[in-house]
Amino acid sequence: MSDTATIAAIEAILPPFARTMGMNVDHLLGEMPVIAYDFSPAVTGRPGYLHGGALSGLLEIAAIAALRARIGGDYRVKPVNITINFMRGGRELRTYAVGEVIRLGRRVANVEARAWQEDATKPVATVFMNFLLSPASTGQ
């Protein structure tokens, strides 16, 4: 599948929340989608900075997109827990996030994601999420 087709397929499964917040797939980093949004009133916290909830949402969507890119649509994914580390204030800039599947088992997946603005080596926040996986056909 081409990068354009992969990006379109991932954007098609983004939840309404992601579209409402202005998130899109900016590009692929290897095989993992980089999710991004521009600074706007929808993501503003205190004046001049990103809202922590908007940043958390971006990280969660990036983690789910990375997991979906790895396993496809054959599984239901259910977040079990989430740990977020805020490292610095996000400014009035475009913000990017990418996830990495750390462990993928039959029933559990661990995913880490990081968000940055101008420099990918200086994250503004990171997240570690655990997901419960079940086959889509079982109805669980």
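No experiment lies behind these values; they were computed from the predicted model shown.

Caption draft 1: Quick peek at the nonpolar core. Met23, Ile35, Tyr37, Leu55, Leu67 and Phe131 are the most contacted members of the largest nonpolar core, which has 34 residues in total. Where this core is concerned, the elements lending two or more residues are helix 1 (3-12), strand 1 (24-29), strand 2 (32-37), helix 3 (52-71), strand 4 (95-104), strand 5 (108-116) and strand 6 (125-135).

Caption draft 2: Region of the structure containing helix 3. Under the 1.5 Å per step criterion, the end-to-end length of helix 3 is 29 Å for 20 residues, consistent within 8% with the ideal 28 Å. Positive phi shows up at glycine 72, right after helix 3, with a value of about 80°.

Caption draft 3: Local environment of the pairing of strand 5. Pairing of strand 4 with strand 5, which is carried by 8 bridges, proceeds in the antiparallel orientation. Counterpart to glycine 99 in the pairing with strand 5 is alanine 113. Between strand 4 and strand 5, which pair antiparallel one after the other, the connecting turn spans 3 residues. In the sheet, strand 5 pairs with strand 6 via 8 bridges, with the strands oriented antiparallel. The residue bridging arginine 114 from the neighbouring strand is threonine 126, located in strand 6.

Caption draft 4: Representation of helix 1 within the structure. Listed in full, the buried residues belonging to helix 1 are Thr6, Ile7 and Ile10. All buried residues of helix 1 lie within an arc of 100° about the axis, which places them on one face of the element. Among the exposed residues of helix 1, those oriented more than 90 degrees off its buried face are Thr4 and Ala12. In the core, the buried residues of helix 1 are packed alongside strand 1, strand 2 and helix 3.

Caption draft 5: Local environment of the packing of aromatic side chains. Summed over the entire model, instances satisfying the criterion amount to 1 aromatic pair. Consider the rings of tyrosine 96 and tryptophan 116, whose centres lie 5.8 Å apart with planes at 20°: the pair is stacked. Linking tyrosine 96 in strand 4 with tryptophan 116 in strand 5, this pair joins segments that are 20 residues apart in sequence. Each member of the pair, tyrosine 96 together with tryptophan 116, is buried. Over the face of the ring belonging to tyrosine 49 we find arginine 46, whose NZ or CZ atom lies 3.8 Å from the ring centre.

Caption draft 6: Molecular detail of the pattern of salt bridges. All told, the structure shown has 2 salt bridges when counted by the stated rule. Between arginine 94 and aspartate 26 there is a salt bridge, with the nearest N and O atoms lying 3.0 Å from each other. Highlighted residues: arginine 94 in the loop between strand 3 (75-86) and strand 4 and aspartate 26 in strand 1, separated in sequence by 68 residues. Taking the relative accessible area as the measure of exposure, arginine 94 reaches 23% and is therefore partly exposed. With its nearest N and O atoms 2.8 Å apart, the salt bridge here joins aspartate 38 to arginine 94.

So, how was this worked out
- Residues numbered from 1 in each chain as written.
- Predicted model: local features only at pLDDT ≥ 70, side-chain atom pairs only at ≥ 80, totals over all residues.
- Heavy atoms only, no water.
- Core = buried A, V, L, I, M, F, W, Y, C linked by side-chain atoms within 4.5 Å.
- Buried < 20%, exposed > 50% of the residue type's maximum accessible area, 1.4 Å probe, protein only.
- Helix = DSSP H or I, 4+ residues; strand = E, 2+ residues; numbered from the N terminus.
- Expected span 1.5 Å × (residues − 1).
- Pairing = 2+ DSSP bridges.
- Arc of directions from axis to C-beta.
- Contact = heavy atoms within 4.5 Å.
- Phe/Tyr/Trp six-rings, centres within 6.5 Å; stacked < 30°, edge-to-face > 60°.
- Lys NZ or Arg CZ within 6 Å of the ring centre and 35° of its normal.
- Salt bridge = Lys/Arg side-chain N within 4 Å of Asp/Glu carboxyl O.

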